[in-house]
Amino acid sequence: MANKPLYYGSSSKPSYGGSPAYYGNGPAYYGKGPTYYGAGRSYGTYGSPQYGGGGGADDGSIVGTITIGRMMRVVSQRWLSVFVFLLVGLVVAFAVYRISPTIYEARSEFTMDMRRSSGGAGRGAIAEVTPDFGNSYAEVFNTRISAWRSDKIVTKIVQQYRASHPAATVSDEEIISTLGGSKLELQRNSRIITITVRSKTPALAAALANAYAEAIEAFTDEENKLRCDKAVANIHGKVDQKRREVDKLAKQITDFRTANKVDNLRSSRDTIQQGLSKTTGDILALETEETQLIEWEKMLASVQQNPESYGSLSTGVPRAQEIATEYRSFQDASSEYQSMLVAYTDNHPEVIGAKKKLEISRQRFLDAAQRALLTGRSMLQVTRNQLRNLKTKQEDLRNELASVEQRIVLAESGLNQLETEFGVANRVMEDLILQENKARLEAESINEIISVGRPANVPSAPVLPNPTIIFGAGIVLSIALGLLFVLVLDNLEDTVVNLADIEGRLALKVLAVLPHVRRKKREQVAKFLMEDKYSQFSEAVAGLRNLLESPRYESLSRCMLIISTQPGEGKTITSTSIAIAYAQTGKKTLLVDFDLRRPRGARVWGIELSPDKSFSHALNRANSGERPDFASLVNATGVENLSLISSLPPEGISPATILGSHVINDFFDWARANFDRVIIDSPPFGLVGDVVSLAVIADSAIIMCCPDRTHFKPIQYCSRSLTEAGANILGVIVNDVEVSSASAFSHSSHHRHKYGYNYGYGKGYGYGYGYGYGYGYGYSPAHRKGGKKNGEEGDGQAPEAGAPEAGAPEAGENTGAESVKKGEDDGK
């Protein structure tokens with residue numbers, strides 16, 4: 001064994017991450033930049049942009065290509081991981097919610113108006129507030145906010161808070177710390193500014209929010225006043241100067257009046273005038289009364305002469321009521337007497353009695369008139385005496401008034417001059433004040449007016465921690481992290497799981513789905529199509545054959561290459577089954593075992609080969625110059641219309657040298673000329689460089705895929721490399737799939753999606769030995785004692801000619817039962 005060449009390194013199992021190399025001493029299978037031909041082309045690493053044939057390449061990120069279908073598939077497969085992340089996120093959110101301090105938020109509002117001049121040029125021009133919703137409010141707010149957050153305003157806030165809450169025990173440091181997290185925000189399209197203060201104490205938050213608004217209002221008023229005073233300082237100085245001049249003239253006027261007793265003289269003049277007016281009025285009243293008394297005297301004197309001439313007296317005549325009463329009595333007595341005279345004679349007693357009564361009434365009337373006359377004459381005398389006294393007093397007052405007025409005229413001549421000067425100075429001062437006001441209004445045109453609007457109320461509920469935000473964020477972040485985790489895990493695992501992965505991610509057509517077959521040995525599985533023509537496996541292979549015979553694929557299916565990206569994907573069994581299916585239709589079919597390093601065809605069919613019948617030996621001889629006889633290499637399989645060409649292990653032969661010679665093209669020309677169909681069982685792609693050269697010569701290539709075993713990147717790289725080399729890739733055959741007994745297989749993915757087949761993936765064919773591309777010709781003694789369990793790789797050594805493969809049949813019979821049981825369990 002020492003002189004035998006090593007082709008595949010020294011590992012008993014394939015390595016996928018840069019461990020022992022498969023080919024010579026070169027890099028690992030998934031290493032950095034494997035070179036599959038000795039001095040030939042390098043196909044790059046599986047992580048490079050060269051991978052992803054068929055348009056289904058990954059994006060190169062650790063997450064992989066993110067699509068809705070992939071996310072739904074990954075979540076449906078790994079929902080438990082996402083659920084665990086969700087639970088952890090909820091626990092973390094609950095912990096954050098519990099340990100977070102309770103914060104209350106209070107908001108107060110104040111309005112900010114821009115002052116504009118009304119444009120009045122005369123006296124009384126005022127300032128009016130005109131709302132402006134342009135950029136000026138935002139500009140003023142952005143300019144003033146630095147001042148509203150300065151140390152000066154903080155000091156005012158503290159003072160305002162202390163003034164409003166004298167009994168508060170909160171320290172200044174705590175107030176300043178609380179104000180450090182406050183916010184001022186200008187509400188959009190408005191003049192309202194909101195002050196937001198947060199504190200652990202709700203009452204403190206509301207009090208500081210209100211104190212903040214009040215402090216800003218007072219601070220702004222002070223700033224506006226200082227700004228306006230500075231703008232009118234020049235005019236204001238002139239106003240003060242003129243005001244002092246006016247005050248000086250006013251003092252001079254006061255001193256002059258005091259010195260000349262002008263006010264006393266005026267007061268005396270007013271008093272005299274009032275007394276003179278009253279005296280004159282009294283004189284007029286007495287003169288009127290005198291005239292009336294004279295008239296009354298004349299009337300009463302005439303009544304004395306002739307009582308019947310009495311008419312009536314005014315109520316002002318003395319004893320007028322008494323006279324009137326007596327006169328009525330006199331009239332009554334006279335009427336009674338006259339009526340008696342009409343009825344009786346003059347001597348009648350009743351007439352005489354009425355006459356006496358009449359005379360008595362007449363005398364009483366005359367006595368009353370006499371008494372009134374005497375009273376009136378007394379009153380007339382009194383009135384005349386009073387009138388005489390009042391006229392004397394009137395004359396005295398007139399003389400005194402003339403004297404006072406003369407003195408006033410002399411004093412007012414100097415006072416009027418001072419008052420004139422005072423009036424002129426006062427008008428000048430008023431004009432200056434008007435100018436100052438106008439200038440102040442102009443200065444106030446850029447001022448802002450701050451007024452407290454809605455005060456802050458004590459908050460009843462805390463704003464932090466917010467359970468909606470915390471738990472919502474926890475749920476969203478945990479789900480996002482869970483999705484990221486399962487996507488990364490799915491991308492790192494890089495295995496084919498279902499048909500959607502192949503047709504969607506790889507962009508390769510699924511030609512057929514071959515169901516799992518429970519057999520102990522590879523030979524039984526490979527020839528299962530001959531034993532049961534009506535099984536699901538047979539139907540699936542027949543459907544694949546019919547698809548390849550269709551007009552679409554017929555021209556490409558004369559010579560087909562069956563490829564796998566790694567050992568153990570059923571390449572040999574599938575190629576054998578396809579060859580049997582073609583032979584059963586009457587087509588002359590040739591099955592070629594082109595895996596020259598590890599040939600299995602002869603063992604599958606139970607054919608004993610000699611070096612003269614070995615394909616690899618014949619090609620080696622032809623490469624040395626001997627004319628090959630390909631017809632002598634053909635072996636009968638026992639199946640009508642099916643022939644086999646296989647090889648012995650390549651002892652002393654270099655398959656890479658053979659495959660690079662022209663004799664390969666001669667062989668394919670001979671095969672096409674003598675057989676209707678040529679099925680080629682190729683070595684795994686990527687391990688050696690044989691596949692690319694064979695795929696270019698063959699009419700088409702079919703790639704094998706095994707669920708949960710085949711990796712995306714190798715199959716993507718295989719597809720891309722073959723496409724770039726000019727090979728025709730028909731699609732993918734999915735092998736070793738658990739299918740329910742109620743499901744029917746179709747060779748078309750359209751039918752699979754239409755009828756909703758239910759695929760359950762198994763772990764292997766069930767034959768009881770593993771295999772792997774390894775090294776050398778024979779098995780090591782340690783691996784000859786028994787086979788591997790189902791799904792495990794073999795020792796990687798090629799058996800010697802005629803030697804049984806590890807695990808078949810002796811050791812394989814023991815592990816085959818385990819494999820069958822495991823296949824059944826995995827298919828459930």
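Everything discussed here concerns the structure shown above.
Only a predicted model underlies this, so the values are computations on that prediction, with no experimental measurement involved.

Turning to the packing of helix 7 (residues 233-260) against helix 8 (residues 262-305), a few remarks are in order. In contact at an axis separation of 5 Å, helix 7 and helix 8 are set at 60° when each is read in the N-to-C sense. Comparing their axes, helix 8 and helix 7 come out oblique. Contacts between helix 7 and helix 8 involve F256, R257 and N260 from the first element and V262, D263, L265 and R266 from the second. Among the residues making up the contact of helix 7 with helix 8, the classes are represented as 3 nonpolar, 1 polar and 3 charged.

Summed over all chains, the structure comprises 14 aromatic pairs. Where F594 meets F615, the ring centres are 5.1 Å apart and the plane angle is 80°; that geometry is what we call edge-to-face. On the criterion of sequence distance, the pair formed by F594 in the loop between strand 8 (589-593) and helix 17 (601-605) and F615 in helix 18 (residues 615-623) is long-range, its members being 21 residues apart. Of the two residues, F594 and F615, neither departs from the other in class, the shared state being buried. Summarising the aromatic geometry, the rings of F630 and W670 are spaced 5.8 Å apart at their centres and angled 45° between planes, so their arrangement reads as tilted. In this pair, F630 is assigned in the loop between helix 18 and strand 9 (635-636) and W670 in helix 20 (residues 663-674), connecting sequence segments 40 residues apart. Each member of the pair, F630 together with W670, is buried. The structure contains a cluster of three or more aromatic residues connected by ring pairs, namely F594, F615, F630, F667, F668, W670 and F675. When the ring centre of F675 is taken as origin, the NZ or CZ atom of K588, which lies over that ring, is 5.0 Å away.

A word on the side chain of T572. Its location among the elements puts T572 in helix 16 (residues 571-584). Using a relative accessible area of 7% as the deciding quantity, one classes T572 as buried. Separated by 2.9 Å, the side chains of T572 and D681 make a polar contact. Setting aside chain neighbours within four positions, we find T572 in contact with R600, V604 and D681.

Turning next to the nonpolar core. Counting residues in each nonpolar core, the largest one holds 51 residues, and the members touching the most others are L561, F594, F615, I664, F667 and L722. Broken down by element, the residue count for this core peaks at 6 residues, all from helix 20. Ignoring anything within four residues of it in the chain, the contact list for F667 reads L590, V592, F594, F615, F630 and I645. Listed in part, the 39 residues of the second largest apolar core include L547, Y553, L648 and I733.

The rules behind each value
- Residues numbered from 1 in each chain as written.
- Predicted model: local features only at pLDDT ≥ 70, side-chain atom pairs only at ≥ 80, totals over all residues.
- Heavy atoms only, no water.
- Axes fitted to C-alpha atoms, helices over the stretch in contact; angles between N-to-C directions.
- Helix = DSSP H or I, 4+ residues; strand = E, 2+ residues; numbered from the N terminus.
- Parallel < 35°, antiparallel > 145°, perpendicular 65-115°, else oblique.
- Contact = heavy atoms within 4.5 Å.
- Nonpolar A, V, L, I, M, F, W, Y, C, P; charged D, E, K, R; others polar.
- Phe/Tyr/Trp six-rings, centres within 6.5 Å; stacked < 30°, edge-to-face > 60°.
- Buried < 20%, exposed > 50% of the residue type's maximum accessible area, 1.4 Å probe, protein only.
- Lys NZ or Arg CZ within 6 Å of the ring centre and 35° of its normal.
- Polar contact = N/O pair within 3.5 Å; in protein donor to acceptor, adjacent residues only side chain to side chain.
- Core = buried A, V, L, I, M, F, W, Y, C linked by side-chain atoms within 4.5 Å.

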